[in-house]
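# Structural overview for review
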Amino acid sequence: MTLFLGLGIAGIVLLALTLVFDGVLEGLFGGTGFLDGLFDGLLSLPVIAGFVSMLGFGGALVLGTTGLGAGAATAVGIGAGAGAGWLTWRFSRSLMRDEPSATPRGTDLVGSSGSVVTPIPAEGYGEVLVYLAGQPVKLAAKSPEPVARGAEIWVEESLSPTSVAVRPVQR
């Protein structure tokens, strides 16, 4: 039973180490070429950690709760470990396929409307509030004509990551 519990704890420790030192082994062996891709997929450290911990804890459960011997406990532990390893592999594959959404750019603001927060003098800078991907963004704004606070504006051009050229919306 002690051996099985030790395996279970070792698997948990290995999993914690993979979370803390993610990519260390890949970095150590990255320049050699012969181990490229070894730690991806079914031989990844989280999969091995899941297998080892379930082998240990599954075997300990069988040994502690039934009258079966070490052979049966090992067989059940291997089955539980294989199931945990497979589930870890499937879960990590689905996470790796998850594509992040595109990062909004300043050019995405062109054509959007907003309102003036700080009045814009003619050929000078003020501040506008526009919404990008549903989030409010406060930017410096330049206009060829003066625009009063609270006026609705239309973004004409992105001048920099933090400033835009605007024109007032005519009603």
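Further up the page is the structure itself.
Below or above, wherever it landed, is the structure these notes cover. These numbers were taken from a predicted model, which means no experiment stands behind them.

Where burial is concerned, most of strand 5 (residues 163-168) is hidden: five out of the six residues are buried. Where strand 4 (residues 152-160) lies against strand 5, six bridges are found, and the strand directions are antiparallel. Paired with Trp154 across the bridge in strand 5 is Arg167. Hairpin connection of strand 4 to strand 5: two residues between the antiparallel strands.

On to the side chain of Ser163, then. Its location among the elements puts Ser163 in strand 5. Assessed through its relative accessible area of 8%, Ser163 is described here as buried. Looking at Ser163, its side chain comes within polar contact range of the side chain of Ser160, at 2.8 Å. Not counting residues within four places of it along the chain, the set of residues in contact with Ser163 comprises Tyr125, Leu139, Ala140 and Ser158.

Core analysis: the largest hydrophobic core is formed by 13 residues, its most contacted members being Val128, Ile153 and Val164. When contributions to this core are tallied by element, the ones reaching two or more residues are strand 2 (125-132), strand 3 (135-142), strand 4 and strand 5. For this core, the element with the most residues is strand 2, which contributes three residues. Ignoring any residue separated from it by four or fewer positions in sequence, one finds Ile153 in contact with Ser112, Ser113, Gly114, Ser115, Val116, Val128, Val130, Val147, Val166, Arg167, Pro168 and Val169.

Reading the values: rules and limits
Residues numbered from 1 in each chain as written. Predicted model: local features only at pLDDT ≥ 70, side-chain atom pairs only at ≥ 80, totals over all residues. Heavy atoms only, no water. Buried < 20%, exposed > 50% of the residue type's maximum accessible area, 1.4 Å probe, protein only. Helix = DSSP H or I, 4+ residues; strand = E, 2+ residues; numbered from the N terminus. Pairing = 2+ DSSP bridges. Polar contact = N/O pair within 3.5 Å; in protein donor to acceptor, adjacent residues only side chain to side chain. Contact = heavy atoms within 4.5 Å. Core = buried A, V, L, I, M, F, W, Y, C linked by side-chain atoms within 4.5 Å.

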